[in-house]
Amino acid sequence: MLEPRYDHQKTEERIYKLWEKSGYFNPDRLPPVGANLRESKRESTRKNISINQPVNQHKSAFTIIMPPPNANGSLHIGHAVFVTLQDIMTRFARMRGKKALWLPGADHAGFETWVVFDKKLEKEGRNKYEIDREQLFKEIWDFTQNNKKTMEDQLRRLGASCDWSREKFTLDSDIVKIVYETFEKLYKDGLIYRGERIVNWCPKHQTSLSDIENQFREQEDPFYYLKYGPFTIATARPETKFGDKYVVMHPDDKRYKEYAQGQKIEVEWINGTITATIVKDKAIDMKFGTGVMTITPWHDATDFEIAERHKLEKEQIIDFRGKLLPVAGEFAGMHIKNARLLIIEKLVSKGLLVKTDEHYKHSVRVCYKCNTAIEPQIKSQWFIRMTAEPHAQNQKSPPAPMLRRAGKIKNQNGGKSLRDLGVEAVKSKKIKLIPRRTEKTFFNWMKNLRDWNISRQITWGIRIPAWYCITCGKTAVNPKIKANWFLIRHGETDWNKEGRTQGQADVPLNGEGRQQAKKAAETLKHRGIDLIISSDLGRCRETAEIIREATGAEVIFDKNLRERHLGITQGMARDDRNAMYGDILYTHEGKPPGGESFKELEERVWESFKHHKKSHHHKNILIVTHGGPIRTIIKNIKKWTIEEMLERDAIENAKIVELTISDPCSTCGGDLYEQDPDVFDTWFSSGQWPFATLMATSDKRQATRKNGFKTFYPTDVMETGYDILFLWVARMIMLGLYRTGEVPFKTVYLHGLVLDKDRQKMSKSKGNVIDPLGVAELYGADALRMALVAGNTAGRDIVISEEKIRGYRNFATKIWNIARFVQLHKPAELRGLHADQRGKNISVNPRLRQASDGQVRSNQRKSALSQEDRKNIEQVRKIKAKVATHIEKFEFHLAAETVYHYIWHTLADKIIEDAKARLNSADENDREAAYQTLETLLLESLKMLHPFMPFVTEEIYRKFEPEKMLMVEKW
RNA sequence: GGGCGAUUAGCUCAGCGGCAGAGCACUUCGUUUACACCGAAGGGGUCGUAGGUUCAAAUCCUACAUCGCCCACCA
């Protein structure tokens, strides 16, 4: 008997476990159609099934790839929206007999996680720049893995019927491999290039960002009109103006027709007289200001493009931390914030400031995460070419130099650009966006696409698979890596600390040195070191020993890797040594009394290195040695002169230098490479998510998985928030089409943001955040799901309030009580019988069920049903069909409201009320018919409510059909 | 500057050519016998404004007003 009140807290977890245990989340393990039996019963009934049923009737697949939540926090209410909508579609498809796959995952979320983790470090009083790259990566890895685990549990709490056996993380090695292949293919097709181009630099996070990772902030700044020779130019950023030596005007501007392109004039400028060159360019707006401007190509995108067009020189004025470079003269080294007013003062004193507009309003690009003003910089970065002709949409932009070889470009798409591929897929309706109006937004954005910078200067992410030949700099994309070699200097000694010359003196590590070695060992632990080759001097030997303990690699010693012998200077304080022997020490061939020359060291060490490389080139080797030998090795690889080498900073204690060995470089024959230090923009990897996940789920254990991609791709629906239409959806469309030749999904359903009942965006600072798990705890996941669906259309923001959720909790109780009522009125002769027995003995119920499915109607015991009964059964059939149509048309709100209305205001308020008298009737036949009708209506209602409120419906269904699972019942 | 959207009951929103709808809130009444997380009845709207198309407009078209979102290299 059902409890008087439905207790979601006791039920939901139990039901979820039941589903998960059944294995039916995995479409490969769905029961044959019509053979819906619980796990425990399966074996015993298998024979029966095979006689009557074909083994698998699940012909077509239905696939949704879950937008992988960022593994840097826990789920918020926005996640609950996607869980609800996607679960509705998946459960509906499953009940419709499809091989329904909802593939879950999590995103490492490169920059976003980096920002979150950075804040965490700040709180802990740590600085990310002082943490070793490998160490930092590992910490963030652990952080994301923990979050991921939490999120998985949360998804379960919300009832997500996704196939956990296929779950993927964006950093899984099989995913990374696929991402690398895409990168390589793009490179070979000429759609990806590395170039010195202007990028959006966030000075706080010290990385470049793509164009869409910026926001615009309106602000008011003083606007300075400056005298520049015969012209007046205006700027809001005087601190960039030091190097301005081009003055640009529109070619048609009559005011300046006396000036010719290329003409040179002398002008008095901030730090003295400079020679300015006249440039005529149509990018100038004649109506703005004086119609003349000077340009700063290094720090402004427009200026950069003008400079590219006219092949002008570019000079960096501001460094990557926002400080002025030597070109700024007396202001060099100052932060631009502090320098600005001082520069203005100087301009005033030189009589160069014409006037100031104090209230100039303009929008400034800011980092979308930290709101710091973006500082455009020129940097060598990887870009994806989005358009057929570089910047063709914009006559102001010429082809970037690196793209001049346009003629060579070829790819399988008949030379179509990524943009064209995407636009055509949507235009031709191969991909449909819901709501339809977002297609306009999509086209509008695609029209103005610019090349996409995918390099990020952060640690957290997928390292770009580009290696550069250390000797000549040639690029090798995704090369076959034979081995990784590491050079490490020993840890600190007391002599290091005191600045005493060590040479070959046998000095032990100090405490700090041992700590450094341990830290390095931690880092190297995961790098698969096969062999450690160490200098035999104590400080190296100890370092090697510490690393051996962590990595388990064997250690061999090599005297030839010792530090340079410094003869009588060994033990001397550095200053004294340099005073006495500096002239000799810092030349190639000079040597101190009793010591070695640099040349001798170099010959000894380089011979040794070459020897080891020859014998161990296929192994991962760690060489533990000293500062001198490491610099020597690098000098020889890079073919530096001794002067070039001496210019470089000394190697720090326990500093690791990484070298990759691959096939010899086709240009110089060298086989040592260093990897690009940058990682991918997260969206480059998540843009490949639909095909990457399916390609990667070819599990060795299950033969059926091998065709995972073939069966489930293209996927059916991509359901996500409209806020990432450009960031993610557009990229998936383009990369999916490019890589697989097919659309990644047929329909895109975009939902809105979740707002509170006052239409406010939820934010932690406003304190109006609704925690979906808290709500699920309080009112049940079913109630939350219903509240998120009802009354909301695609693409519109979703307003949710506690009252609304409470309303649907009441609904769960309502249907529970309907079930109680029905159960309570079960005629005595039907009570205590199991469902299948009942079927055999009485066979009323199955017949009714058939009728409700609109199938053949049996004449057997027809008289038992009243006219009204038949009408009611016909009605529920119609309602169910209507609900199905709504779901198929992605009108989830209408589907939900239809079910709600039927159950509450038709089934409960009318049908049940009308049935009360008959259920107490003296006529046994009538009583039975009334009951059977009600039970049928209830079970049909449960079916159509199930995708929306899976827990309570499953729980009730089990009370009536203990052998069956509603989740896989036929709709 | 360009694009997209919204304006319907007190609130949140559906409806998008055929008698103005839902949930919540409100009013009145009811309830021993599935449910007060309930039931019955009810009040409440010139569908932003002004034109137009149509037999018929909340719905289609055109302006306007107000609000919101997205995109954008006027120095």
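Keep in mind that this is a model prediction, so the values were computed, not measured. (Residues numbered from 1 in each chain as written. Chains lettered and ligands numbered in written order. Predicted model: local features only at pLDDT ≥ 70, side-chain atom pairs only at ≥ 80, totals over all residues. Heavy atoms only, no water.)

Visitor: Mind showing me how you'd approach the overall build of chain A here?
Guide: The helix and strand tally for chain A stands at 30 helices and 30 strands. Taking all 971 residues of chain A together, 57% fall into the buried category. In chain A, of all internal contacts separated by at least 6 residues, the share reaching a separation of at least 24 is 76%. (Helix = DSSP H or I, 4+ residues; strand = E, 2+ residues; numbered from the N terminus. Buried < 20%, exposed > 50% of the residue type's maximum accessible area, 1.4 Å probe, protein only. Contact = heavy atoms within 4.5 Å.)

Visitor: Could you clarify how one ought to interpret the environment of T90 in this entry?
Guide: Checked against the element boundaries, T90 lands in helix α3 (residues 77-95). Residues T90 and S161, spaced 71 residues apart in sequence, show a C-alpha to C-alpha distance of 7.5 Å. In contact with T90, not counting residues within four places along its chain, are F62, I64, A100, W102 and S161. From its side chain, T90 meets the backbone oxygen of Q86 in a polar contact 2.7 Å long. (Polar contact = N/O pair within 3.5 Å; in protein donor to acceptor, adjacent residues only side chain to side chain.)

Visitor: Would you take a moment to explain the sheet that holds strand β12 (residues 292-294) for this structure?
Guide: Two modes of strand pairing occur in sheets, parallel and antiparallel, and in both the strands are linked by backbone hydrogen bonds. A sheet is described by the order of its strands in space; here four strands give the open sequence β10-β11-β9-β12, paired in mixed fashion. What marks the edges here is a single partner per strand, and that holds for β10 (264-269) and β12. Each neighbouring strand pair of the sheet contributes to a mean axis angle of 35°, computed without reference to strand direction. (Pairing = 2+ DSSP bridges. Axes fitted to C-alpha atoms, helices over the stretch in contact; angles between N-to-C directions.)

Visitor: Looking at this structure, I do not really get unusual backbone geometry. What am I missing?
Guide: Outside of glycine, negative phi angles account for most residues, and trans bonds account for most peptide bonds. In this structure, P435 follows I434 across a cis peptide bond, with omega equal to 0°. Within the secondary structure, P435 is located in the loop between β15 (432-434) and α10 (437-447). Geometrically, the link from Y713 to P714 is a cis peptide bond, its omega value of 0° lying close to zero. In this structure, P714 sits in the loop between α20 (708-712) and β27 (715-721). Of note, the phi angle at K311 is positive, near 55°, even though the residue is not glycine. Structurally, K311 can be placed in the loop between α7 (301-310) and α8 (336-349). K311 gets classed as exposed once you look at its relative accessible area, which sits at 67%. The phi angle at N478 is positive, at roughly 45°, despite the residue not being glycine.

Visitor: Is there a simple way to explain the nonpolar core in this structure?
Guide: It is characteristic of soluble globular proteins that their nonpolar side chains tend to be buried jointly. Core analysis: the biggest nonpolar cluster contains 186 residues, and F684 and F948 have the highest contact counts within it. Of the residues forming this core, the biggest block, 14 residues, is contributed by helix α28 (residues 892-919). Excluding its chain neighbours within four sequence positions, the residues that come into contact with F948 are I88, D782, R785, M786, V789, V883, I887, F892, A895, A896 and V899. (Core = buried A, V, L, I, M, F, W, Y, C linked by side-chain atoms within 4.5 Å.)

Visitor: Got a minute to help me understand the packing of aromatic side chains in this structure?
Guide: Two measures describe an aromatic ring pair: the distance that separates the ring centres and the angle between the ring planes. Under the counting rule described, the total for this entry stands at 36 aromatic pairs. With a centroid separation of 4.9 Å and 80° between ring planes, the pair formed by F92 and W971 is classed as edge-to-face. One end of the pair, F92, is in helix α3; the other, W971, is in the segment after α30 (950-960), and 879 residues separate them in sequence. Residue F92 is classed as buried on the basis of its relative accessible area, which comes to 6%. Relative to Y713, the ring of F709 has its centre 4.7 Å away and its plane inclined at 20°; by these criteria the two rings are stacked. Judged by its relative accessible area of 24%, F709 is partly exposed. Judged by relative accessible area, Y713 falls into the buried class, the value being 5%. Through a chain of ring-to-ring contacts, three or more aromatic side chains come together here, namely F183, Y187, W382, W452, F680 and F684. Positioned above the aromatic ring of F443 is the side chain of K427, whose terminal nitrogen or guanidinium carbon lies 5.0 Å from the ring centre. We note R731 situated over the ring of W452; from NZ or CZ to the ring centre the distance is 3.8 Å. (Phe/Tyr/Trp six-rings, centres within 6.5 Å; stacked < 30°, edge-to-face > 60°. Lys NZ or Arg CZ within 6 Å of the ring centre and 35° of its normal.)

Visitor: Would you mind going over the pairing of strand β9 (residues 246-249) with me for this structure?
Guide: Where a strand is regular, its side chains alternate between the two sheet faces. By the alternation rule, side chains of β9 split into Y246 and V248 and V247 and M249, which are all buried. Strand direction decides the pairing type here: β9 and strand β11 (residues 272-280), joined by four bridges, are parallel. If you follow V247 over to β11, its bridge partner there is I278. Here β9 runs beside β12; their pairing, made up of three bridges, is antiparallel. Pairing of V248 across the sheet is with M293, part of β12.

Visitor: What should I look at first to understand α8 in this one?
Guide: Along an α-helix, a turn takes 3.6 residues, which lines up residues three or four apart on a common side. The first and last C-alpha atoms of α8 sit 20 Å apart over 14 residues, in line with the 20 Å expected at 1.5 Å per residue. By the burial criterion, the buried members of α8 are I336, A339, I343, I344, K346 and L347. End-on view of α8: buried residues confined to an arc of 160°, all on one side of the axis. Seen from the open side of α8, the exposed residues pointing more than 90 degrees away from its buried face are K337, N338, L341, E345 and S349. Where the residues of α8 are buried, they touch β7 (214-228), β13 (353-367) and β14 (375-384). Phi turns positive one or two residues past the end of α8, at G351, with a value near 75°. (Expected span 1.5 Å × (residues − 1). Arc of directions from axis to C-beta.)

Visitor: Explain the packing of helix α9 (residues 418-427) against helix α21 (residues 725-740) to me, please; I cannot follow it from the model alone.
Guide: Pairs of packed helices are described in terms of their axes, by the angle between the two and the distance that separates them. Between α9 and α21, the shortest axis-to-axis distance is 8 Å and the interhelical angle comes to 100°. The orientation of α9 with respect to α21, classified from their angle, is roughly perpendicular. Counted together, L418, R419, L421, G422, A425 and V426 of α9 and I733, M734, L737 and Y738 of α21 form the full contact between these two elements. Along the lines of polarity and charge, the residues of the contact of α9 with α21 split into eight nonpolar, one polar and one charged. (Parallel < 35°, antiparallel > 145°, perpendicular 65-115°, else oblique. Nonpolar A, V, L, I, M, F, W, Y, C, P; charged D, E, K, R; others polar.)

Visitor: Would you mind showing me how to read the pattern of salt bridges here?
Guide: Close approach of charged atoms lets side chains of opposite charge pair. Counted under the stated rule, the structure contains 67 salt bridges. One salt bridge connects R527 with E658, and the closest N-O pair in it is separated by 2.9 Å. One end of the pair, R527, is in the loop between α12 (511-525) and β21 (531-534); the other, E658, is in strand β24 (residues 656-661), with 131 residues separating them in the sequence. Several salt bridges share partner residues, and in doing so they unite D28, K99, D163 and R166 into one network. (Salt bridge = Lys/Arg side-chain N within 4 Å of Asp/Glu carboxyl O.)

Visitor: Where do I start with the sheet that holds β14 in this structure?
Guide: Taken together, the four strands give an open sheet; going across it, the order is β6-β5-β14-β16, and neighbouring strands pair in antiparallel fashion. Edge positions in the open sheet fall to β6 (207-209) and β16 (452-453), since each of these has one partner strand only. When strand β5 (residues 192-202) meets β14, the two strands line up antiparallel, connected through 10 bridges. The partner of Y193 across the bridge, within β14, is F383.

All we've got here are geometric facts, nothing functional implied.
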